[in-house]
Amino acid sequence: MKKFVQLTDTAIPLPTENIDTDQIIPARFLKATRKDGFGQNLFRDWRYDNNGTPTSDFVLNNAKFDGSILIAGNNFGCGSSREHAAWALSTYGFTVIVSSFFADIFRENALNNGLLPVQVSSDFLKSLLAFVTQNPKAEITINLEKQIIKTPIGSNEFDIDPYKKTCLINGYDDIDYLILQKEKIAEFELNHTL
């Protein structure tokens, strides 16, 4: 995985609440088992009409918004437990998703795929969505080491599992982390034989 310590970038506001994994990546696109290509179908039913033409009123089709940070409404990633949702977001180009609540399984899938879910307070999220909508070129900084999101309208601390934080900062997936522990594992096995 790619290392994540700090990111400063612009953001895309998506104030919709209760965005489920089928809206993130519709089930008809889940035929592949590799991560490649899912980004092109991210929010497919919102981004395109029935003829495959981009819908002008969807934020990802609005040229004034760009960036690797998605600011979404409350309860992001609810619904089925498809890992493809995290794949679609990351292969589209998102590195961070900001919301006031994430579904537990989505959060774990995101972290396992190098996508950082930043949970902020409801009031902060509401203010941030309004601000970014009016100021699309405003930059936001997410500092993972300090667990803080800094914006022109203020800051908000966020929680993250210490193990997942270590993995993201160092660019480890679960297997990488386990391989790094092989000497400790061997020593444990040596000292705990039956």
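Cut-off values and rules
Residues numbered from 1 in each chain as written. Predicted model: local features only at pLDDT ≥ 70, side-chain atom pairs only at ≥ 80, totals over all residues. Heavy atoms only, no water. Core = buried A, V, L, I, M, F, W, Y, C linked by side-chain atoms within 4.5 Å. Buried < 20%, exposed > 50% of the residue type's maximum accessible area, 1.4 Å probe, protein only. Helix = DSSP H or I, 4+ residues; strand = E, 2+ residues; numbered from the N terminus. Contact = heavy atoms within 4.5 Å. Phe/Tyr/Trp six-rings, centres within 6.5 Å; stacked < 30°, edge-to-face > 60°. Lys NZ or Arg CZ within 6 Å of the ring centre and 35° of its normal.

*Asks:* Any chance you could explain the nonpolar core here in plain terms?
*Replies:* General note: in soluble globular proteins, nonpolar side chains tend to be found buried as a group. Ranked by internal contacts, the top residues of the largest apolar core, which has 28 residues, are Ile24, Phe43, Leu70, Phe76, Leu89, Phe94 and Phe106. Broken down by secondary-structure element, the contributors of at least two residues to this core are strand S2 (11-14), strand S3 (69-72), helix H3 (84-92) and helix H4 (104-112). Excluding residues that lie within four positions of it along the chain, phenylalanine 43 makes contacts with Leu14, Ile19, Gln23, Ile24, Phe58, Leu60, Leu70, Phe76 and Leu89. By size, the runner-up hydrophobic cluster in this structure holds 24 residues, among which are Ile71, Leu111, Val118 and Leu125.

*Asks:* How should I be thinking about the packing of aromatic side chains in this particular structure?
*Replies:* Two measures describe an aromatic ring pair: the distance that separates the ring centres and the angle between the ring planes. Counted under the stated rule, the structure contains 8 aromatic pairs. Ring centres 5.5 Å apart and planes at 0° place the aromatic pair phenylalanine 43 and tryptophan 46 in the stacked group. On the basis of relative accessibility, which here comes to 25%, the residue tryptophan 46 falls in the partly exposed class. Among the aromatic residues, those joined into a cluster by ring pairs are Phe43, Trp46 and Phe58. Above the plane of the ring of tyrosine 48 lies arginine 44, whose end atom (NZ or CZ) is 4.4 Å from the centre.

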